[in-house]
Structure formats: structure tokens, C-alpha cells
Amino acid sequence: MAGYRFLFSQLVRRELRQKYKGSALGLLWYVVNPLVLMGAYTLMFGFVLKLPRAHDYPLFLMVGLVIWTFFQQSLLAAADSLIIQGALIRKARFPRETIPAATVTVQLVTLVGVLSLVSAVTIPLLGTLTAWLLLVPVLLALLFAFVLGCALIVSVLHAYFRDVAPVLAAALLPWFFLSPIFYETRTLGYVQRHPLVGTLLNWVNPLAPFIEGVRAIIYGGGGPGWGRVIYAVCAAAVSLVLGRALFRRMERELAVVL
Amino acid sequence: MTLRPGEVVLDHATRSFSIRADNAGTLKGRLLGRRAPGPAPVPAPVPALRDVSLRIAPGETVGIVGRNGAGKTSTLRVLAGIVPLQSGSARCGGRIVSLLELAAGFSRDFSGRENILLQGALFGFDRAAIEARLAQIIAFSELGEFIDVPVKTYSQGMFLRLGFSIAAHLDADVLLIDEVLAVGDEAFQRRCLRRISEQIAGGATLLLVSHELGAIERVCARVVVIDRGQVAFDGPTTEGLAAYRALLGTEHGGGESVRPPRASGVEVTDLELRDGAGRPSSVFHGGAPLGVHIAVRMVAEVPSPRVRLVLRAASGTELFATLAELIPLGDGTAGVAFEVPDLALLGGDYDLAVGAGPAGGAIALERSVRFAVARDPDPSRPEGLIDLRGEWRAVERIR
């Protein structure tokens with residue numbers, strides 16, 4: 001992999017340029033999108049459905065939405081990545097992991113950019129400037145590793161079985177609603193009556209600890225909870241190991257199936 | 001055991017491809033296919049390489065020839081590490097640079113210059129190594145201002161120019177080139193071959209797949225003939241190309257019949273080319289002897305029968321034609337030979353056709369045979385078809 005660092009940086013750069021080239025707002029779109037969603041959810045869950053609402057609800061929503069968007073966009077983009085770059089795969093022998101890794105990295109650049117903007121607004125408004133903020137980069141690195149593992153699996157599976165992307169897209173929608181993005185799991189009335197459901201929602205969904213952990217720091221001004229940090233480390237490790245193993249097993253025939 | 005840079009080893013390499021209408025399967029097929037009732041119509045895999053073993057030393061120049069679908073491209077793709085083997089091993093020492101599919105590895109929305117960086121990166125070069133060659137690559141490609149235009153506007157010829165320039169200027173230990181040069185015009189092809197020769201002089205190993213035997217003759221010292229996924233011949237170029245022609249059926253063996261024998265009364269039954277030692281051959285050398293041996297049979301009574309011999313360049317241009325009188329033997333056959341003491345042709349492929357008929361009428365050609373004149377690898381040697389055998393000398397300025 002070491003000899004191919006230049007290839008990796010080339011892939012990231014050209015994908016970034018392709019993404020933002022020819023659109024007037026460029027990176028701003030990645031802020032506009034969650035902003036529109038935030039507006040819609042604030043209206044829906046804040047006023048119409050009257051969920052037990054956190055204070056400063058739009059800021060609460062933004063942190064979760066940004067992390068979710070990174071997860072969803074990374075997986076959907078990774079699913080197609082090997083097929084889109086098929087010409088490169090048929091051209092030369094290089095570590096094929098470079099391609100999904102570059103795709104996720106491009107999404108990470110967006111995540112860091114947008115989350116910085118969100119933090120720049122949230123922290124002064126809520127007075128959440130604490131030393132815990134130093135843990136945010138750590139959690140983001142773990143999130144990146146977790147998503148990278150998932151991206152390796154999704155990309156190589158989709159190259160062989162073209163149903164993977166549609167299945168994934170269908171799974172992401174309920175997943176979105178089950179993730180603690182526009183609510184905090186423990187404040188839901190149903191969860192308070194059925195604690196087991198709360199435990200399931202918190203710990204079966206690997207994304208929940210990441211969302212709640214980062215939100216606890218940036219929005220809550222407290223610690224992420226060490227249980228969540230340990231969970232994040234394990235999720236990242238398991239995902240990377242599994243993803244790498246499956247990718248290694250299946251990548252050999254890529255030039256033939258693409 | 002590690003290989004020296006430039007060393008190439010194929011050891012009992014075997015690979016087949018399954019043919020499916022759609023290359024990628026679907027999950028449904030995977031889940032349901034096994035339980036489907038009745039015999040599933042699975043086409044048998046097509047073998048591309050069958051137990052191929054090759055050992056190529058650093059600095060060797062190897063031409064790979066064979067019919068369509070014989071396994072030439074598969075060999076290169078296996079060596080490039082793009083397609084894995086099912087059994088056996090394929091290894092190359094050092095850095096491999098390949099030019100297999102013309103448009104592969106180009107990003108259509110990016111300029112030629114940016115694509116040079118990406119392609120170099122694909123072969124594992126870093127920015128410094130590629131940028132050191134950038135000016136050379138751009139100059140050789142002759143793309144001029146097009147180098148900064150997105151490659152989606154490029155023609156096939158421009159893709160070839162850029163693709164070849166990149167492949168031929170990176171410091172490869174092993175250079176794999178598939179049948180792509182045919183896209184370029186003649187002048188560019190000549191420059192490519194010259195550039196390849198330079199790289200070989202620099203110590204690179206070359207594997208070249210081509211149907212243009214002239215190109216192979218010019219740059220390759222060794223030829224591997226692949227037929228039905230197996231090595232049919234492996235040896236020096238001249239013999240290798242003869243073996244390949246034999247495989248194609250364009251070797252002698254009486255020549256190919258170019259038209260059904262007509263009622264001219266005389267039929268050409270055999271046409272054979274022989275070298276100076278009288279052995280049948282299909283590869284000759286400029287300045288060396290060439291003999292054309294013709295056998296005919298009288299089908300009817302013909303007054304003063306004649307045989308006509310025509311030499312054509314591969315392009316079809318008629319270079320030479322001659323007539324000879326035939327003296328039939330008692331059994332109605334006749335034989336005649338046309339002896340050339342020193343062949344005044346330059347390297348390339350030629351066709352020799354003969355026909356027979358009565359004097360006074362037009363004689364249609366009945367049989368033809370293709371032969372090659374070996375090329376001189378020295379680029380300072382004359383080029384063209386006919387060797388005028390002139391000499392350059394210095395003269396005083398005229399007036």
C-alpha cells in the first residue's frame with residue numbers, strides 16, 4: 001500500500017474536484033442539504049408531532065444529521081465505486097482497497113468541513129467549549145474506520161451482485177429512523193416504559209454510540225460516556241477486520257466481473 | 001525465490017473464463033440457482049491458458065503471436081497481475097508497465113496532463129518520478145495544446161499517442177504491450193518501435209502482442225506462438241514467424257488457391273519458395289537468394305503455354321511481373337523455377353502469385369503465397385519496399 005500513496009491522493013483529489021466542479025455552491029450544498037432536512041424535521045417533530053423535544057432543537061438535529069449523512073453517502077458512493085473505476089482495475093495491478101478508501105475519504109472531508117461549521121455555531125451558542133472536544137477527532141477517526149470497513153464489504157459485494165446497492169438503499173431508510181438523530185433514545189416515552197427497547201436501540205445499532213457520543217460533546221458539553229468510546233473502538237476494529245478479510249477474498253476476480 | 005528486475009516467469013499457468021451473458025451475477029441467481037429444478041444450462045468455461053510455462057530473462061524482447069482468441073491477451077493480463085490464475089504461477093520481477101486496453105485508466109473528464117499523473121500512479125510511481133518524465137511524455141505524444149483538454153474529446157489515435165507515451169517513458173522493468181499500435185499512423189508506429197528499442201537498450205524486458213508481424217520482426221528477438229491456450233512454438237523470431245504462418249496455413253504447401261482453376265487449359269498445381277540452400281522457406285533476407293518453384297499440369301491441348309509470376313507488396317501494389325515459356329513433359333506436367341540471386345527487397349510482407357495459360361491471352365493468377373523479408377533492426381537502415389542499393393557520398397556544393 002505504501003507505494004500507492006500517490007495514487008490514493010490522486011483519486012481523492014479528482015473525486016473532490018469532480019464533486020464540486022460545475023456547481024455554483026460547491027461545498028455549501030453539503031451544508032444546505034442538512035439545513036433543509038433540519039428545517040423539515042424541526043417543523044415535523046418539534047411542532048406537529050411534539051416529540052419530547054431537546055432544547056435548541058435545530059442544533060441538536062444538525063449534529064446527528066451530519067454524522068448520518070456521512071455514513072449514508074459513504075456507503076452508497078462506495079457501492080458503485082469499483083464499478084465506476086472499472087477502467088482502472090482493468091488497467092493495472094494496484095491495491096484495489098484504494099478505490100473505496102478514496103471514496104470514504106472524500107466523504108470524510110465533507111463531514112469534517114460541515115461538522116466544523118456546525119460546531120462553530122453550536123459551541124458559542126450553547127457554551128459547550130470543554131476539553132472533551134479533544135475527543136471529537138478520536139471519535140471521528142473511529143467512525144471513519146468503521147465506515148471504511150463497511151464500505152469495503154459493500155463495494156466488493158456490489159461488484160459481484162448488483163442487487164446490493166438497492167438492498168442497501170432500502171435498508172438505510174428504516175435505519176435512519178431507528179438511529180437517534182432527531183430524538184435522544186432515553187427520552188422517548190415508549191423507551192422509558194420498555195427499557196429493553198432502549199438498550200437494543202442504543203447498542204445494536206453500531207451508529208448510535210457514534211451519534212450520541214459526538215452529540216454529547218458538541219451539543220451537551222459533557223463527556224461522550226466511556227462505554228460508547230469502548231464500543232466505538234470495538235465497532236471500528238471488527239468492521240475493519242471483517243471488511244478487509246472479505247475484500248481480500250473477493251477482489252481477485254474483480255477485473256473479470258467488472 | 002525473488003526474481004531479478006525484468007525477469008518473467010510463467011509456471012504451469014492455467015486459467016479459464018466462464019461465459020455468462022451478464023458478467024456479474026445477481027443475488028437472486030445465487031440464492032435460487034442451486035435449487036432450480038432441472039439441469040441448469042451452464043456453459044462450460046472456456047480455457048484461455050492451459051498449462052503455459054515460460055521463462056524470460058531480463059532484457060529479452062518477446063513477440064507473442066497467435067490467432068484471435070488463442071490466449072495472447074490473457075497471457076499479458078495474467079502477467080500484469082490483473083487477472084488471477086486458477087493454478088500455476090505468474091511472476092514478473094521489478095516494475096511492470098502495461099498498455100493493454102487503449103482507453104482504460106483514463107478519466108474522461110480530466111485533461112491529458114492530469115491523466116498522465118493518474119496513470120503513473122496506477123503503476124505505483126510517485127509524483128516526483130512522473131513529473132520528471134512529464135515533459136518527455138507530452139513531447140512524444142505530439143498532442144500539443146490538446147494535452148490540457150479533457151480526454152473525452154480525444155480520438156482513438158490521440159488516446160494511443162498519450163497511452164503509449166506514458167507507458168514508454170516510465171521506468172519499467174517489464175513492458176507489456178497488447179495489439180494497440182495498429183491504431184496509430186505509420187509514422188507514429190515507427191516512432192513507437194524506435195522508442196521501444198531505446199527502452200530495451202536501457203535494460204527493460206518487452207512482451208509485445210501483435211498481428212503486425214513486421215513490427216514483431218523489427219523489435220523482437222524471440223517469438224512465442226500461442227495456440228488454443230498453449231505454447232505452440234518458442235524460439236528465435238525468424239523460425240517463430242514461420243511456425244505462425246504455418247499455423248495460419250499461409251506457409252507454402254503449394255500456395256493458396258486464389259480462384260477456381262478455369263478452362264485455361266493449364267493448371268498451377270504447386271508453388272513453393274526456397275532459400276539459397278534449396279529448403280522451403282517463408283522468411284528471406286535482403287541480398288540473399290530466393291527461388292520460386294512452380295509446377296503445372298496440362299488439362300487440355302494448349303499452344304505454347306506460359307506461366308506468369310507477379311510480386312506484390314502487402315498493400316497490393318504490383319512491384320514486378322514476368323512471363324516464362326513452359327515445356328510440357330510427356331505426362332502433361334511441367335516445372336519451372338524463377339531464381340533471384342540477391343533479393344532487392346526491404347523488410348516487410350510480400351505476396352507472390354502465379355498463373356498459367358496460353359500465349360497471347362491474359363493469364364489469370366491461380367495461386368499465391370505470402371512471404372516475409374526480415375527487417376534490419378538497425379534504425380539507420382533504409383526503409384521502404386525496394387532496396388535501391390545506392391551509396392551516399394559527400395559532394396562539393398553544386399555551383
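Worth saying up front: this structure is predicted, and the values here are computed from it rather than measured.

*Asks:* Explain the overall build of chain B here, please?
*Replies:* Along chain B, the regular secondary structure elements total 8 helices and 18 strands. Counting over 399 residues, chain B shows a buried share of 38%. In chain B, 72% of the contacts between residues at least 6 apart in sequence involve partners at least 24 apart.

*Asks:* It is not clear to me how the overall build of chain A should be interpreted in this structure. Could you clarify?
*Replies:* When helices and strands are tallied, chain A shows 12 helices and 0 strands. Seen in sequence order, chain A has helices and strands lined up from the N terminus as α-α-α-α-α-α-α-α-α-α-α-α. In terms of overall size, chain A behaves like a compact globule, its C-alpha atoms giving a radius of gyration of 19 Å where 258 residues would be expected to give roughly 18 Å. When its C-alpha atoms are laid out on the principal axes, chain A stretches across 55 × 45 × 35 Å. Relative to its full complement of 258 residues, chain A shows a buried share of 40%. Within chain A, contacts between residues separated by at least 24 positions form 78% of all contacts whose residues are at least 6 apart in sequence.

*Asks:* Just checking my understanding: could you explain the interface of chain B and chain A for this structure?
*Replies:* When the parts of a complex come together, some accessible area is lost, and that lost area is often used as the size of the interface. Between chain B and chain A, the contact holds 29 residues from the first and 24 residues from the second. Contributing elements (two or more residues each) for the side of chain B that touches chain A: helix H1 (27-33) and helix H3 (112-122) of chain B. A class-by-class count of the residues in the side of chain B that touches chain A yields 15 nonpolar, 8 polar and 6 charged.

*Asks:* Looking at this structure, I do not really get unusual backbone geometry. What am I missing?
*Replies:* Where the residue is not glycine, phi is negative for most of them; where a peptide bond is considered, it is trans in most cases. Residues and elements named next belong to chain B. Here glutamate 142, not a glycine, exhibits a phi torsion of approximately 55 degrees, which is positive. Residue position: glutamate 142 is located in the loop between helix H4 (127-141) and helix H5 (156-169). Notably, arginine 389 is not glycine yet its phi reads approximately 60 degrees, a positive angle. Within the fold, arginine 389 resides in the segment after strand E18 (367-373).

*Asks:* How should the sheet that holds strand E11 (residues 266-274) of chain B be read in this particular structure?
*Replies:* Each strand in a sheet pairs with its neighbour through backbone hydrogen bonds, running either in the same direction (parallel) or in the opposite one (antiparallel). Residue and element names in this part refer to chain B. With respect to topology, 3 strands assemble into an open sheet ordered E11-E13-E16, the strand pairing being antiparallel. Since the sheet does not close on itself, it has two edges, and those belong to E11 and strand E16 (333-340), each with one partner. Taken over all neighbouring pairs, the strand axes of this sheet differ in orientation by 15 degrees on average, direction set aside. Relative to E16, strand E13 (residues 290-298) is paired through 8 bridges, and the arrangement is antiparallel. Counterpart to isoleucine 294 in the pairing with E16 is valine 336.

*Asks:* Help me out: how do you make sense of helix H2 (residues 72-79) of chain B in this one?
*Replies:* One turn of an α-helix holds 3.6 residues; hence residues three or four places apart share an orientation. All names here are of chain B. Here H2 lies mainly inside the structure; 8 of its 8 residues are buried. Burial in H2 covers these residues: Lys72, Thr73, Ser74, Thr75, Leu76, Arg77, Val78 and Leu79. In the stretch just after H2, glycine 81 is the one whose phi turns positive, near 80 degrees.

*Asks:* Got a minute to help me understand the sheet that holds strand E1 (residues 8-17) of chain B in this structure?
*Replies:* Residue and element names in this part refer to chain B. With respect to topology, 3 strands assemble into an open sheet ordered E2-E1-E4, the strand pairing being antiparallel. The open sheet terminates on both sides in strands that have one partner only, identified here as strand E2 (46-56) and strand E4 (87-92). The sheet shows a mean angle of 25 degrees between the axes of neighbouring strands, taken without regard to direction. With 7 bridges connecting them, E1 and E2 associate as antiparallel partners. Residue pairing across strands places leucine 10 opposite leucine 54, the latter belonging to E2. Relative to the sheet, H2 contacts E1, E2 and E4, its axis offset from that of E2 by approximately 60 degrees.

*Asks:* When you look at the pairing of strand E14 (residues 305-313) of chain B in this model, what are you seeing that I'm missing?
*Replies:* Each regular strand shows side chains that alternate between the opposite faces of the sheet. Residue and element names in this part refer to chain B. Note: E14 against strand E17 (residues 348-358), 9 bridges, orientation antiparallel. When the bridges of E17 are listed, arginine 308 appears paired with glycine 355. When E14 meets strand E15 (residues 318-325), the two strands line up antiparallel, connected through 7 bridges. Paired with arginine 308 across the two strands is leucine 323, which belongs to E15.

*Asks:* It is not clear to me how the nonpolar core should be interpreted in this structure. Could you clarify?
*Replies:* In this structure, A:Val66 and B:Leu176 are the most contacted members of the largest nonpolar core, which totals 168 residues. The leading source of residues in this core is helix H3 (residues 57-84) of chain A, at 16 residues. Setting aside anything within four residues of it in sequence, one finds A:Val66 in contact with A:Pro34, A:Leu111, A:Val114, A:Leu115 and A:Val118.

Analysis parameters
Residues numbered from 1 in each chain as written. Chains lettered and ligands numbered in written order. Predicted model: local features only at pLDDT ≥ 70, side-chain atom pairs only at ≥ 80, totals over all residues. Helix = DSSP H or I, 4+ residues; strand = E, 2+ residues; numbered from the N terminus. Buried ≥ 20, exposed ≤ 12 C-beta atoms within 10 Å, placed from the backbone. Contact = placed C-beta atoms within 7 Å. Rg over C-alpha atoms; globule rule 2.2 N^0.38 Å. Nonpolar A, V, L, I, M, F, W, Y, C, P; charged D, E, K, R; others polar. Pairing = 2+ DSSP bridges. Axes fitted to C-alpha atoms, helices over the stretch in contact; angles between N-to-C directions. Core = buried A, V, L, I, M, F, W, Y, C linked by C-beta atoms within 7 Å.

Note that all results are geometric; they support no functional claim without further evidence.
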